[in-house]
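Observations on the three-dimensional arrangement
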Amino acid sequence: MVARRGAIWSKPVARYGGGKSRKHVRQGRGSAVGSGAVVGLVRFPVKSMLGEERERLVLDERGVAGDRLWALRYEDGKLGSGKNSRRFRRTPGMLEYAAAYEDGGPVVTTPDGETLRPGDPRIGELFGAGVELAREGEVSHQDAGAASLVGTASLHALGELLGDADPADVRRLRKNIVVGTEEPWVEEDWVGREIAFDGGLRLRVTERIERCVMTTQAQRGLPADNRILKTLTATRGMCIGVYADVVTPGTLALGAKVAVQ
């Protein structure tokens, strides 16, 4: 059964080691150092739009199959995003749109409940003349990693840093994989190591994820909140969660056990 929306980030997940216990055993390289299971999976068909919770994700050499495979593309080649950069153009309101796959292609749902598909002229009307919903070409739509991951204990710890009673809402962080953990920030210790999941999938953790202004922006069900980025900047070097590349492709399911080696 798919995790109920909000369930994986609103309460401790004791059976997956996602409670507030700080107990954790560190062992030498090559031994299992983390234990838990996958408690959340999300795929984002269109870059910088809301995604879809999944029971399973397929990961290949590129990363999560279908993840950020599509994007809003301007006539100058820049991609729609929540920020401005060399590659991106800030496009307000993108987090009010949700994307999912249907019959092999992306379907975008507008705040008014209308649906858009690639080639729909309304895309240009909504986002600007010449803007199209474009599939990834030679240049990847991804930022710096094939997949992103965060631990439940880190969400609890960030909530505490924010002074909130509840964990930080992972929807603001846009992670593909949420793992039940007991110690906050432990996933940062996995950089350079491999994660083995039930079913044969293996990932190699490559780096911490530096967050951006998108964490502060309003989205469906969440108001704007500038505290997130300010708190991460002051306490965590702007980082939460990690990127990982695919070592051995496979399918990842909710409840899959995790071993860090």
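The following refers to the structure shown. If you're wondering where the values come from, they're calculated on a predicted model, not measured in any experiment.

**A word on the nonpolar core**
- Leu59, Phe197 and Leu252 are the most contacted members of the largest nonpolar core, which has 24 residues in total.
- For this core, the secondary-structure elements that each account for two or more residues are β1 (38–43), β3 (56–59), β11 (147–151), β12 (177–179), β13 (194–197), β14 (202–210), β15 (239–248) and β17 (258–260).
- With residues up to four places along the chain from it excluded, the contact list for Leu59 reads Val64, Ala147, Leu201, Leu203, Val246, Pro249, Gly250 and Leu252.

**What about the sheet that holds β15?**
- Ordered by their spatial adjacency, eight strands build an open sheet running β2-β1-β12-β11-β15-β14-β13-β17, and the pairing between neighbours is mixed. Pairing within the sheet leaves two strands with one partner each, and these edge strands are β2 (52–53) and β17.
- As judged from the seven bridges shared by β14 and β15, these two strands associate in the antiparallel manner. Paired with Arg202 across the two strands is Thr248, which belongs to β15.
- Docked against the sheet, helix α3 (residues 152–162) engages β1, β11, β12 and β15, running at close to 65° with respect to β11.

**A few points about the sheet that holds strand β7 (residues 98–102)**
- One open sheet accounts for three strands, arranged β7-β8-β9; its pairing is antiparallel. Edge positions in the sheet fall to β7 and β9 (115–116), since each of these pairs with one other strand and no more.
- Direction of pairing for strand β8 (residues 105–109) relative to β9: antiparallel, over a ladder of two bridges. Across the sheet, residue Thr109 finds its bridge partner in β9, namely Thr115.

Rules of the game
- Residues numbered from 1 in each chain as written.
- Predicted model: local features only at pLDDT ≥ 70, side-chain atom pairs only at ≥ 80, totals over all residues.
- Heavy atoms only, no water.
- Core = buried A, V, L, I, M, F, W, Y, C linked by side-chain atoms within 4.5 Å.
- Buried < 20%, exposed > 50% of the residue type's maximum accessible area, 1.4 Å probe, protein only.
- Helix = DSSP H or I, 4+ residues; strand = E, 2+ residues; numbered from the N terminus.
- Contact = heavy atoms within 4.5 Å.
- Pairing = 2+ DSSP bridges.
- Axes fitted to C-alpha atoms, helices over the stretch in contact; angles between N-to-C directions.

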